[in-house]
Amino acid sequence: MALRFLNTLTRKLENFEPIEQGIVRMYTCGPTVYGPAHIGNFRAYTFEDILRRYLLYKKYHVTQVMNLTDIDDKTIRDSNAAGISLSDHTRKFKDMFFRDLDRLNIQRAEHYPAATEHIPEMVVMINKLLENGCAYRSGHSIYFKISSFPKYGSLSHMKMEDLMAGARVDSDEYEKETASDFALWKGWTDKDGPVFWETSLGKGRPGWHIECSAMSMKYLGEHFDIHTGGVDNIFPHHENEIAQSEGTTGEKFVNCWMHNAHLIVEGRKMAKSEGNYFTVEDLVGQGHNPLAIRYVLMATHYRQQLNFTIEGLEGAKAAITRLKDFKTNVENAHGDSDTNAVRSTIDKAVTGFEAGMDDDLNISPSLAAVFDFVREINSIIAKTGLSESDRTAVMDTLRRFDSVLGIVFTAERDIDSEIETLIQNRIDAKKNKDYKKADQIRADLLNRGIILEDTPSGTKWKRKI
Ligand code: AMP
Ligand code: ZN
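Reference entry: report on the structure contained in this document. (Residues numbered from 1 in each chain as written. Chains lettered and ligands numbered in written order. Predicted model: local features only at pLDDT ≥ 70, side-chain atom pairs only at ≥ 80, totals over all residues. Heavy atoms only, no water.)

Turning our eyes to something else, we now look at the overall build of the protein. In terms of helices and strands, the protein carries 14 helices and 17 strands. With the C-alpha coordinates of the protein rotated into their principal frame, the extents come out at 80 × 55 × 35 Å. In the protein, buried positions account for 53% of the 465 residues. Counting only contacts in the protein whose residues sit at least 6 apart along the sequence, the fraction spanning at least 24 positions is 75%. (Helix = DSSP H or I, 4+ residues; strand = E, 2+ residues; numbered from the N terminus. Buried < 20%, exposed > 50% of the residue type's maximum accessible area, 1.4 Å probe, protein only. Contact = heavy atoms within 4.5 Å.)

Within the first shell, the zinc ion (ligand 2) binds the protein through Cys 29 (SG), Cys 212 (SG) and His 237 (NE2), at distances of 2.1 to 2.2 Å. Between the donor residues of the zinc ion (ligand 2), the gaps in sequence give the motif C-x182-C-x24-H. In this pair, Cys 29 sits in the loop between strand 3 (23–28) and helix 1 (39–57) while His 237 sits in helix 6 (residues 234–249), placing the two residues 208 residues apart along the sequence. As far as the burial class goes, Cys 29 and His 237 line up, both buried. (Donors = N, O, S within 2.8 Å, 3.2 Å for Na, K, Ca; no water.)

Near ligand 1, the surroundings consist of 17 residues, among which Gly 40, Gly 230, Asp 232, Leu 263 and Met 270 are the closest. Between ligand 1 and the protein, one listed contact pairs an oxygen atom with a side-chain N or O atom of Asn 233 at 3.1 Å. Between a nitrogen atom of ligand 1 and a side-chain N or O atom of Asn 260, the distance comes to 3.3 Å. Protein chains shield 92% of the accessible area of ligand 1, which is 490 Å² for the free molecule. Every element with two or more residues in the shell around ligand 1 is listed here: helix 1 and strand 11 (224–230). Sorting elements by how many residues they give to the shell around ligand 1 places helix 1 first, with four residues. Class assignment of the residues belonging to the shell around ligand 1 gives a composition of six nonpolar, nine polar and two charged. (Near = heavy atom within 4 Å. Polar contact = N/O pair within 3.5 Å; in protein donor to acceptor, adjacent residues only side chain to side chain. Areas by Shrake-Rupley, 256 points an atom, 1.4 Å probe, with all protein chains shown as cover. Nonpolar A, V, L, I, M, F, W, Y, C, P; charged D, E, K, R; others polar.)

The contact between helix 2 (residues 73–82) and helix 3 (residues 86–103) brings their axes to 9 Å, and the two run at 110°. As summarised for this structure, helix 2 and helix 3 are arranged roughly perpendicular, according to the angle between their axes. Contacts between helix 2 and helix 3 pair Thr 75, Ile 76, Asp 78 and Ser 79 from the former with Leu 86, His 89 and Thr 90 from the latter. Here the contact of helix 2 with helix 3 is built from residues that sort into two nonpolar, four polar and one charged. (Axes fitted to C-alpha atoms, helices over the stretch in contact; angles between N-to-C directions. Parallel < 35°, antiparallel > 145°, perpendicular 65-115°, else oblique.)

Helix-helix packing is characterised by the crossing angle of the two axes and by the distance between the axes. At their nearest, the axes of helix 1 and helix 10 (residues 339–358) sit 12 Å apart, and the two run at 130° to each other. With respect to helix 10, the axis of helix 1 lies oblique. Seen along the crossing, helix 1 lies across helix 10 with a hand that is left-handed. Across the interface between the two elements, Ile 50, Tyr 54 and Tyr 57 from helix 1 touch Val 350, Phe 353, Glu 354, Met 357 and Asp 358 from helix 10. The residue makeup of the contact of helix 1 with helix 10, split by class, is six nonpolar, no polar and two charged. (Left-handed = near helix turned anticlockwise from the far one by under 90°.)

The sheet built from three strands is open, its strands ordered 14-13-15 with mixed pairing. If you trace the sheet from one side to the other, it starts and ends with strand 14 (268–269) and strand 15 (306–307), each paired once. When strand 13 (residues 263–265) meets strand 15, the two strands line up parallel, connected through two bridges. Each bridged residue has a counterpart across the sheet, and for Leu 263 the counterpart in strand 15 is Leu 306. (Pairing = 2+ DSSP bridges.)

Below, the discussion takes up the pairing of strand 6 (residues 141–144). Taking every second residue as pointing to the same face, both faces of strand 6 are buried, with Ser 141 and Tyr 143 on one and Ile 142 and Phe 144 on the other. Judged from the four bridges that link them, strand 5 (residues 135–138) and strand 6 form a sheet pairing that is antiparallel. Each residue of the ladder has a partner; that of Tyr 136, found in strand 6, is Tyr 143. Once strand 5 ends, the chain turns through two residues before running back antiparallel as strand 6, passing Gly 139 with a positive phi of about 65°. Relative to strand 8 (residues 181–187), strand 6 is paired through three bridges, and the arrangement is antiparallel. Within strand 8, the position partnered with Ile 142 by the bridge is Trp 185.

See the structure below:
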């Protein structure tokens with residue numbers, strides 16, 4: 001089956017054909033670095049990671065760009081309130097973001113452009129939009145005129161007559177009902193304090209939407225393959241990106257738009273403004289393995305809502321253990337297996353895995369194919385073991401699946417199993433009444449940020465926050 005994706009622009013499943021053969025250029029809306037990203041945000045980044053990894057699995061060369069929004073209404077509000085510079089304020093959240101990406105084993109994009117480092121590119125675009133009649137000045141600010149762009153509304157499938165012609169919004173994030181001309185450049189006001197740029201457009205700063213148009217086109221060209229984000233980005237953010245980009249170039253901006261559904265908690269979207277959020281740090285601090293978080297985020301189809309629960313995390317842990325134990329079982333399997341049986345088990349698993357993923361990243365049947373593979377190979381091992389060449393073929397298959405899943409062959413997993421081995425050594429030392437050794441192991445682990453807790457049901461461990 002050919003690889004196909006649901007394109008939000010057409011609302012259809014479309015076969016994926018990159019603009020340039022063998023190469024995929026994709027843009028992913030990144031975090032607004034005004035606080036730690038929560039696991040709802042990481043649902044978006046995990047979906048994009050699975051997309052990226054599967055494109056690599058399909059042997060495409062991928063160039064991915066993820067922006068860092070380090071200037072908008074919220075970053076300015078919070079840095080001014082804290083009395084620190086915008087860059088000092090956002091730096092700590094950028095660092096946290098990259099630490100969490102690593103914990104969740106999310107592959108790095110090729111470029112992470114920061115908005116504040118691309119003001120000249122935005123100014124060039126805004127000047128072009130003024131020349132093209134797509135933008136106008138009002139006071140010290142500049143607005144995009146949506147009536148100049150007849151296709152406005154095509155991504156969100158809004159009708160032009162629903163839009164409020166002539167009305168204007170200044171805030172970066174606005175409600176669906178108020179679709180209207182939006183700010184490209186915001187003239188400086190007292191509220192901005194020390195945050196402004198002196199440019200040919202005057203003293204001020206860019207609006208939020210223009211940054212993604214300017215930075216995506218800078219790194220990926222004026223026309224590229226895939227643009228992703230959460231469904232809340234469809235309107236107004238992505239609608240505005242299309243209007244600004246196509247208003248500037250007169251050409252099609254993006255071929256395929258892909259949007260993930262929300263992660264919800266008790267029926268409500270997880271959001272900072274709702275106060276119902278967990279960060280990766282919160283969950284790791286409670287002793288959860290970050291890869292279990294990754295598993296939960298990726299195991300539901302990206303276009304389905306995902307209801308986050310702690311029980312879900314526990315289930316993910318069991319799935320991870322099963323995969324990890326399988327790897328160990330294969331490593332230790334020696335014997336004289338029936339190569340035809342092993343090869344046909346592998347072929348069936350690969351076909352099942354790819355059929356799911358090719359179908360708009362439908363991961364549930366793909367995971368089912370992986371777990372069937374685990375069960376069937378385990379049963380072969382129990383009967384005959386594995387010959388050396390069969391063992392290599394099975395391990396290569398697991399490695400291929402895991403190049404997409406990112407669960408089994410990771411440093412984090414190795415660290416976890418090392419911790420578990422040390423805990424077992426401590427239990428053995430205590431049994432042998434070697435309390436000095438047991439205390440030493442506890443102290444060594446504490447030095448590494450691992451806290452042990454002896455409970456009636458055994459020793460538990462967690463990472464220090
Ligand atoms: P923000 O920092 O709010 O711009 O969000 C960054 C990314 O996370 C965007 O693609 C959002 O659509 C996405 N996002 C925000 N909240 C959630 C959620 N609860 N579930 C899934 N994605 C989300
Ligand atoms: Zn964006």
